[in-house]
Amino acid sequence: GSKNITQTITCNFLQPLRHHFHSEEKQCQRTNKRKDVKNYIKESHCLVLPSWHEGMANTNLEGAASGRPIITSNIFGCKEAVINNLTGFLVEKKDVNSLYLAMKKISKMSYEERKIMGLNGRKHMEQFFDKKIVVKKTIDNIFKENKRS
């Protein structure tokens, strides 16, 4: 069930949400910049990264590659890592209620449902963000541009 769910919160923006997750059934943990990210992801049931602006959010890529569902903002740089409702949830930028509802939704999911969502995210990373695939696409695009010149 949803007992002892830990949502790792990586942004000060979430401070208004903390009061929603203080019941004995749910825990909400906020983290700042960390070097031991792998251990935090391993202990988490999902990864939450609300953002107003990103390049490509490595946090989301690392979390999904580690098999964790992702809750992130529906903005460029974040949304590419998530297939909404399949690998995680996309929330509206600067919308605390949208974020809260997604966190509440994932906290009510069973372990198996979260596991399936996380595994779907891992497959998505392998299919679209594998280093070899990204490098090949980049090289192909460079050659395409050079042929046009």
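Undergrad: Just to check I follow, could you spell out the layout of surface pockets for this structure?
TA: Rolled over the atoms, a probe sized like a water molecule indicates the empty space that remains. Considered as a void within the structure, the second largest pocket measures approximately 160 Å³ in volume. Lining the second largest pocket are Ser44, His45, Gly67, Arg68, Pro69, Tyr111, Arg114, Lys115 and Leu119.

Undergrad: Would you mind going over the nonpolar core with me for this structure?
TA: The tendency in soluble globular proteins is for nonpolar side chains to be buried as a group. Counting twelve residues, the largest nonpolar core is built from Ile41, Leu47, Leu49, Ala57, Leu61, Ala64, Ile70, Ile75, Cys78, Ala81, Val82 and Met125. Those elements giving two or more residues to this core turn out to be strand E3 (46-49) and helix H2 (58-65). Ignoring any residue separated from it by four or fewer positions in sequence, one finds Ala81 in contact with Asn60, Leu61, Ala64, Thr87, His124 and Met125. Within the second largest apolar cluster, eleven residues are counted, among which are Ile71, Val91, Met103 and Met117.

Undergrad: Would you mind showing me how to read helix H5 (residues 131-148) here?
TA: Three or four residues apart is the spacing at which side chains of an α-helix point the same way, because the helix has 3.6 residues per turn. The end-to-end C-alpha separation of H5 is 26 Å, in line with the 26 Å expected for 18 residues at 1.5 Å each. In this structure Asp130 caps H5, since a side-chain oxygen of it lies 2.9 Å from the backbone nitrogen of Lys132.

Reading guide: rules and limits
Residues numbered from 1 in each chain as written. Predicted model: local features only at pLDDT ≥ 70, side-chain atom pairs only at ≥ 80, totals over all residues. Heavy atoms only, no water. 1 Å grid on protein atoms, 1.4 Å probe; cavity = no way out; pocket = protein on both sides within 12 Å on 5 of 7 lines; lining within 4 Å. Points joined across faces, edges and corners; volume = space filled by probe spheres on them. Core = buried A, V, L, I, M, F, W, Y, C linked by side-chain atoms within 4.5 Å. Buried < 20%, exposed > 50% of the residue type's maximum accessible area, 1.4 Å probe, protein only. Helix = DSSP H or I, 4+ residues; strand = E, 2+ residues; numbered from the N terminus. Contact = heavy atoms within 4.5 Å. Expected span 1.5 Å × (residues − 1). Polar contact = N/O pair within 3.5 Å; in protein donor to acceptor, adjacent residues only side chain to side chain.

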